[in-house]
Amino acid sequence: MKTIPVACAIIEQNGRVLAAQRSEAMSLPLKWEFPGGKIKHEENPSECLIRELLEEMGIEVTVSEPYPPVTHSYLTFIVTLYPFVCRIVAGEITLHEHKAIAWMQPEELHMLDWADADWPVIKSYQERLKIKSLDVG
């Protein structure tokens with residue numbers, strides 16, 4: 001089976017995180033995901049996120065904290081996600097590929113119907129937030 005490398009963005013803003021719903025025309029229709037896209041062979045995951053978020057949502061981002069990669073096997077392909085925390089630095093979100101977006105509190109992310117590959121990213125993100133809050137307190 002083919003393995004697809006994908007960069008995904010955990011976009012934070014005002015204590016919330018951006019979730020994007022895939023359109024009916026996309027694979028995994030109507031599932032929620034962290035936005036991003038396929039990494040081209042000549043680019044690194046950060047470059048991919050900058051390009052994909054501009055193309056898909058019309059926003060410019062800064063890419064910061066990386067999270068552990070996640071590999072998931074679907075029926076017809078394997079995906080490896082390379083997640084990064086990002087912040088919007090310019091532009092307003094305009095959906096070119098996705099059906100919808102939602103700004104969620106990190107503890108509410110489980111309420112959406114996520115693509116299977118995104119669940120370990122959510123878990124890792126929530127665990128790291130708990131660790132950060134313990135470090136501050």
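Above this note sits the structure.
These notes cover the structure that comes with them. (Residues numbered from 1 in each chain as written. Predicted model: local features only at pLDDT ≥ 70, side-chain atom pairs only at ≥ 80, totals over all residues. Heavy atoms only, no water.)

1. With respect to the pattern of salt bridges
Opposite charge on two side chains permits them to pair, given that their charged atoms come into close proximity. A complete count under the given rule lists 9 salt bridges for this structure. Ionic pairing is found between Glu 12 and Arg 87, a salt bridge with its closest N-O pair at 3.2 Å. Residue Glu 12 is located in strand β1 (residues 3-13), and its partner Arg 87 is located in strand β7 (residues 78-90); the two are separated by 75 residues in the primary sequence. With a relative accessible area of 16%, Glu 12 lands in the buried category. On the accessibility criterion, Arg 87 (43% relative accessible area) is partly exposed. Asp 113 is paired through a salt bridge with Lys 31; the nearest N and O atoms lie 3.0 Å apart. Of this pair, Asp 113 sits in the loop between β8 (100-104) and α2 (119-136) while Lys 31 sits in the loop between β2 (16-21) and β3 (32-33), and the two are 82 residues apart along the sequence. Given the relative accessible area of 45%, Asp 113 is considered partly exposed. Each member of the salt-bridge network shares a partner with another, and the members are Glu 43, Arg 51, Glu 52 and Glu 55. (Salt bridge = Lys/Arg side-chain N within 4 Å of Asp/Glu carboxyl O. Helix = DSSP H or I, 4+ residues; strand = E, 2+ residues; numbered from the N terminus. Buried < 20%, exposed > 50% of the residue type's maximum accessible area, 1.4 Å probe, protein only.)

2. Some points on the pairing of β1
Within β1, 8 of the 11 residues are buried, leaving the element largely enclosed by the surrounding structure. When β1 meets β7, the two strands line up parallel, connected through 9 bridges. Within β7, the residue paired with Ile 11 across the bridge is Cys 86. Pairing analysis gives 3 bridges linking β1 to strand β4 (residues 36-38), with the strands arranged antiparallel. Across the sheet, Cys 8 pairs through a bridge with Gly 36, a residue of β4. Pairing of β1 with β2, which is carried by 2 bridges, proceeds in the antiparallel orientation. Paired with Gln 13 across the strands is Arg 16, a residue of β2. Where β1 folds back on β2, the antiparallel hairpin that results is connected by 2 residues, among which Asn 14 adopts a positive phi of roughly 50 degrees. (Pairing = 2+ DSSP bridges.)

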